[in-house]
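The residues making up each chain are set out below.
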Amino acid sequence: MNPGVAQERGRISAVLAHRTSHAVGKVERSASDTIPKLLLRRAREQGESIAIREKDYGIWLSYSWKAYLENVKKFALGLAALGLKRGDKLSVIGDNRPQGYWAQVAALCLGAIPVPLYQDAIEKELEYIIEHSGARFVVAEDQEQVDKMLALKEKVPSMEWIIYDDPRGLRNYRQPFIKSFTAVQELGLEFERDHPGFFEQEVEKGTPDDVALIPYTSGTTGNPKGVVLTHANLLTNVRLLLRGEQYLPSDQLMAYLPMAWIGDSIFSMIMLFEVGFTVNCPEAASTVMRDMREIGPTVMFCPPRIWENILTSIQVKMEDASWIKRKMFLYFVDVAKRVADCRLARRKVPLWLRLLHALGELLVYAPLRDNLGMGKIRYAYTAGAALGPEVFQFYRSIGVNLKQVYGLTESSAMCTFQPDDDVKLDTVGIPAAEVDIRVSEGGEVLIRSPGIFQGYYRNPEATSEALVGGWLHTGDAGIVDRDGHLKIIDRAKDVSTLADGTIFAPQYIENKLKFSPYIKEAVTVGQGREWVAAMINIDMEAVGNWAERRSIGYTSYTDLSQKPQVYELIHNEVRKVNASLWAEEQLRKAQIRRFLILHKELDPDDAEITRTRKLRRRFIAQKYADLIEALYSDREGVDVEAKVTYEDGRTAVIRAHLKIRDVEVLQ
Amino acid sequence: MAEQETGRRSDGPPLLEAHNVHMMFGGLMALHGVSLHINKGEILAIIGPNGAGKTTLINIFSGVYHPNPGRILFEGVDRTTMPPHHVAALGIARTFQNVALFKGMSVLDNIMVGRHLHMKSGFFSQGLYWGLGQKEEIKHREYVEWIIDWLEIEHIRKTPAGMLPYGLQKRVELGRALAAEPKLLLLDEPMAGMNLEEKEDIARFVLDANEELGTTICLVEHDMGVVMDISDRVVVLDYGQKIGDGTPEEIRNDDRVIKAYLGSVGR
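Because the structure is predicted, anything quoted here is derived from the model rather than measured.

Visitor: So, the interface of chain B and chain A: which residues are in play, and what are the values?
Guide: Contacts between the two partners involve 18 residues from chain B and, on the opposite side, 19 residues from chain A. Between chain B and chain A, roughly 1,600 Å² of surface is buried when both sides are summed, and carbon and sulfur atoms account for 38% of that area. The interface formed by chain B and chain A includes 4 salt bridges. The shortest N-O distance in the salt bridge between Arg 168 of chain A and Glu 152 of chain B comes to 3.4 Å. At the junction of chain B with chain A, the criterion picks out 8 residue pairs in polar contact (both at pLDDT 80 or more). Elements supplying a minimum of two residues to the side of chain B that touches chain A: helix H5 (132–150) and helix H7 (196–212) of chain B. If one sorts the elements of the side of chain B that touches chain A by residue count, H7 of chain B sits on top with 6 residues. The residue inventory of the side of chain B that touches chain A, partitioned by class, reads 5 nonpolar, 3 polar and 10 charged.

Visitor: An account of the domain arrangement of chain B is requested, with residue identities and associated values reported.
Guide: Often, the extent of an interface is quoted as the loss of accessible area on bringing the components together. Residue and element names in this part refer to chain B. Domain boundaries in chain B define domain 1 (1–91 + 182–267) and domain 2 (106–181). Between the C-alpha centres of domain 1 and domain 2 there is a distance of 26 Å. Between domain 1 and domain 2, the contact holds 21 residues from the first and 14 residues from the second. Across the domain 1 to domain 2 interface the summed buried area is about 1,400 Å²; carbon plus sulfur atoms make up 72%. The largest share of the area that domain 1 buries against domain 2 comes from Pro 182, Phe 205 and Leu 213, three residues that together contribute 40% of it. Between Arg 204 and Glu 152 there is a salt bridge, and its shortest N-O distance comes to 3.6 Å. Viewed at the interface, domain 2 and domain 1 are joined by 3 residue pairs in polar contact (both at pLDDT 80 or more). Counting residues per element, the ones that place at least two in the side of domain 1 that touches domain 2 are helix H2 (84–90), strand S7 (184–188) and H7.

Visitor: Requested: an account of the layout of surface pockets, with residues and values cited.
Guide: All names here are of chain A. In this structure, the second largest pocket occupies an estimated 830 Å³ of space. Gln 315, Leu 330, Phe 515, Pro 517 and Lys 576 are the residues nearest the centre of the second largest pocket, which is lined by 30 residues in total. The leading source of residues in the lining of the second largest pocket is helix H13 (residues 323–344), at 6 residues. For the lining of the second largest pocket, a count of residues per class yields 15 nonpolar, 5 polar and 10 charged. Two domains each donate at least three residues to the lining of the second largest pocket, and these are domain 1 (3–25 + 302–375 + 377–491) and domain 3 (496–662).

Visitor: So what's going on with the pairing of strand S2 (residues 28–38) of chain B? Residues and values would help.
Guide: With 8 bridges joining them, strand S1 (residues 16–25) of chain B and S2 of chain B adopt antiparallel strand pairing. Bridge pairing in S2 of chain B places Glu 17 of chain B opposite His 37 of chain B.

Visitor: I'd like a rundown of the domain arrangement of chain A, residues and numbers included.
Guide: All names here are of chain A. Here chain A is described as being made up of domain 1 (3–25 + 302–375 + 377–491), domain 2 (35–233) and domain 3 (496–662). Each partner contributes to the interface: domain 1 provides 18 residues, whereas domain 2 provides 17 residues. Seen at the junction of domain 1 and domain 2, the total is 9 residue pairs in polar contact (both at pLDDT 80 or more). Mapped onto the side of domain 1 that touches domain 2, the elements with two or more residues apiece are helix H1 (3–17) and strand S21 (455–456). Taken together, the residues that form the side of domain 1 that touches domain 2 break down as 8 nonpolar, 7 polar and 3 charged.

Visitor: Which residues make up the nonpolar core, and what are the values?
Guide: Among soluble globular proteins, nonpolar side chains are generally buried collectively. Residues and elements named next belong to chain A. Formed by 160 residues in total, the largest nonpolar core has its most connected members in Tyr 68, Met 149, Tyr 247, Phe 267, Trp 307, Tyr 395 and Ile 447. Looking at which element gives the most residues to this core, the answer is helix H3 (residues 65–82), with 10 residues. A domain split of this core shows at least three residues from each of domain 1 (3–25 + 302–375 + 377–491) and domain 2 (35–233). Apart from the residues lying within four places of it in its own chain, the contact partners of Trp 307 are Met 300, Cys 302, Met 374, Ala 380, Tyr 381, Thr 382, Leu 387, Val 391, Tyr 395 and Leu 402.

Visitor: I'd like to hear about empty space enclosed by the protein, residue by residue, with values.
Guide: All names here are of chain A. Inspection of every chain in the model, using the stated rule, returns 5 cavities of 30 Å³ or more. The volume enclosed by the largest cavity comes to roughly 70 Å³. Lining the largest cavity we find Val 92, Ile 93, Gly 94, Asp 95, Arg 97, Gln 99, Gly 100, Val 139, Ala 140, Glu 141, Asp 165 and Met 259. At the level of elements, strand S3 (89–93), helix H4 (98–109) and strand S5 (137–140) are the ones that each hand at least two residues to the lining of the largest cavity. Grouping the constituent residues of the lining of the largest cavity by class yields 5 nonpolar, 3 polar and 4 charged.

Visitor: Tell me about H13 of chain A, residues and numbers included.
Guide: All names here are of chain A. Over its 22 residues, H13 extends 31 Å from the first C-alpha to the last, a length consistent with the 32 Å expected when each residue adds 1.5 Å. Residues of H13 that are buried: Phe 329, Phe 332, Val 333, Val 335, Ala 336, Val 339, Ala 340 and Cys 342. Arg 346 occupies a position one or two residues after H13 and carries a positive phi of about 55 degrees.

Visitor: Mind laying out the sheet that holds strand S4 (residues 71–74) of chain B, listing which residues take part and the relevant values?
Guide: Residue and element names in this part refer to chain B. The strand order S2-S1-S4-S5 describes an open sheet built from 4 strands, whose pairing is antiparallel. Both edges of this open sheet fall to S2 and strand S5 (77–78), since each of them pairs with a single strand only. Both S1 and S4 contribute to a ladder of 4 bridges, which runs antiparallel. Bridge pairing in S4 links Glu 17 to Leu 73. Docked against the sheet, helix H1 (residues 54–61) engages S1, S2 and S4, running at close to 60 degrees with respect to S2.

Visitor: Any details on the side chain of Arg 369 of chain A? Residues and values, ideally.
Guide: All names here are of chain A. Here Arg 369 shows up in helix H14 (residues 351–371). Judged by its relative accessible area of 12%, Arg 369 falls in the buried class. Ignoring any residue separated from it by four or fewer positions in sequence, one finds Arg 369 in contact with Glu 361, Met 374, Gly 375, Ile 398, Gly 399 and Val 400.

The rules we used
- Residues numbered from 1 in each chain as written.
- Chains lettered and ligands numbered in written order.
- Predicted model: local features only at pLDDT ≥ 70, side-chain atom pairs only at ≥ 80, totals over all residues.
- Heavy atoms only, no water.
- Contact = heavy atoms within 4.5 Å.
- Buried area = accessible area lost by both parts, 1.4 Å probe.
- Salt bridge = Lys/Arg side-chain N within 4 Å of Asp/Glu carboxyl O.
- Polar contact = N/O pair within 3.5 Å; in protein donor to acceptor, adjacent residues only side chain to side chain.
- Helix = DSSP H or I, 4+ residues; strand = E, 2+ residues; numbered from the N terminus.
- Nonpolar A, V, L, I, M, F, W, Y, C, P; charged D, E, K, R; others polar.
- Domains from an automatic or database assignment.
- 1 Å grid on protein atoms, 1.4 Å probe; cavity = no way out; pocket = protein on both sides within 12 Å on 5 of 7 lines; lining within 4 Å.
- Points joined across faces, edges and corners; volume = space filled by probe spheres on them.
- Pairing = 2+ DSSP bridges.
- Core = buried A, V, L, I, M, F, W, Y, C linked by side-chain atoms within 4.5 Å.
- Buried < 20%, exposed > 50% of the residue type's maximum accessible area, 1.4 Å probe, protein only.
- Expected span 1.5 Å × (residues − 1).
- Axes fitted to C-alpha atoms, helices over the stretch in contact; angles between N-to-C directions.

Pasting the structure below:
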């Protein structure tokens, strides 16, 4: 590690040690106390090495740190020419592209604040966030996003400029407030001629306590909330994490998660500058897996959803493979699992098992990793929601260094991590340096760290609820185990009890269900009831494939979901989950008694799940109240009529008759 | 988007003119004295009930059939009896009602075929990937990649065309036709058999090709909604005769057309 960096980290921690209980840690004023200053340093120190790549027109286009700075500077000055002032907000919307990051960093250079948006958010959400944040500038990727912004322009007068990056289809948009990214950069060049040195002065004006980012959390209830984070919050948090994890300037990272998600900002916009590694933007959302294989990322960050999807696709492909491949895969995955079990229990791995494992590495694990584009992974993370231990163990057993981390947008992302030699299946690891974690009497996890946010933007009530005496109230129920590992059980407000007092943690059971490749999403209910019932979403890809191989014809998702054979298939999966619940003494009574398969996928557009795919339970309980009542009656089916919202805002009604099945319970 | 005018010029001489076109198949009179013109930069739709002679007309435009009697002028030059490969060289590209891709070849290679007309290097130079052949390959690959990006088919770049679902095959075919950088693009039912979303995609690509590349487009299509939305002008055929020619609004209100065609679909 660079000795200068180490020294600096030492200094930060010294400062942090003296912080008062509820003040945020201060980063000492230095040449690298803000994100833009770090960028200048990178461009000076390693100007020729590659900062960011994007695949376009079938080839990888690379930008050095010098080019990165050059682009940021031109765009920043262009923004200045258009009238961007310190403290203004700039929104970006679109897929991960260098221009999206440049725009955000350019805003930071001038003391303005990026407000990244989810590219698939519907108009109402976008309207709320742009209106609430007061964003004057929006950088939209393409025609699709520009059209969304145009639709909002009337309603949100505070939005003054729309800047687009991909000109396709926009040739005839003549509105004076729409400009292309390159046109703004050209304005920047002119501005530079008239105001030489302006950019450097503005960067120099920045202080660590300036607000650096206002991501809006998708929130499982109510309107999104803007999380105010300063340079000090973000940088300190990243630096503290780097005390535990050793990233190298040669590391490669894939930037494919929504830019509005704090995890992506941390890695692709902040860690990038701190460590000096390379960020790679895929060609399109549909090519991520292929592009990943070409790049061979060394650091990877996926929400549980994606780890589950990848596993499902492996399982589907193995079902289609020849029997010899399938047998080999199953056998060696089992070998790997036994080895992993030994290691987790810190037992010695027997010699014969080690030999088998080496053979498996040659025949199965290495080729599999290579196929997934994970051949060079040094660190892989999952965060955002709980990942089922079975899925987690699968990746670790095939040699992917997957770890769970825990953090919230409000804590500048990660605040716990699993050290390389201390990984447990069911915990999110130990607190990072300088992070205090405490579990309240009610079982809620509380965090105090330099990364804790300044408050919700223009929302003092929510702030005072979440931030009490310097402690962030996470709303997650958790426990700290004997080894100091934090274990998250569920959302605190979701954990409840059955009528007889048995603990009922819905997410825990749902994750077990979701381990099945055939189950995409599940909702369990049982609060105050005698027993647990489940509503299940089948995985269209996996179940469709399964049905095709058995020559079961189907027309639509709804039709497939209600096939008796599919019910039989899911019934078996529920049985397996019950068996595994039975094995855990406290949860024995939380076995699933009845289930039904939903006629439609839970969708963020219908407000059933958030954009980061967390269930919005209260809303689901209301919306599907009829179904839940039917589950707890003795009826064998229930009629539904559901309104669905398409991506373009149109709505339609789906009608279906859903069957309800009883499941055997182990006593 | 109707008020946007780039690519919708109607001044100057027509790009293609058809005069008194007749076509007989044995005893069947498929076209009976049809005259029409296609203006530079417009989107012209040809509609009509089944068997009205729409595809025959497209085949005549692209040189597969030769009218007798009748005359076809392209950019003012008579090319009535020209064979298809010469027609293509003039700058007319087409897609087919039934997809006609090279099924074993990748999407990339299929679209590359569309560049054939623009390649000057010989068989050996290309085969050895040396000299002019190499230079050309890189240049044309760039153009093909531009089309792939434009049609949003990056994820299937290397997939054999025959393995793709129908909707995507149609899109690849459009890509191949566009790769020839045609002055006139003939689309024979580009949206047949597609779902709503796929139709909307294709409609957008057709509009974009017209606006961004300035390509003149003549399409045969059955979906009235799409035709009325994207065309500048509509020509209606019925039993081999032209019974209507005008803007979508005019066609919608034309009594003969309503009687012959639109009435039967309940509009």
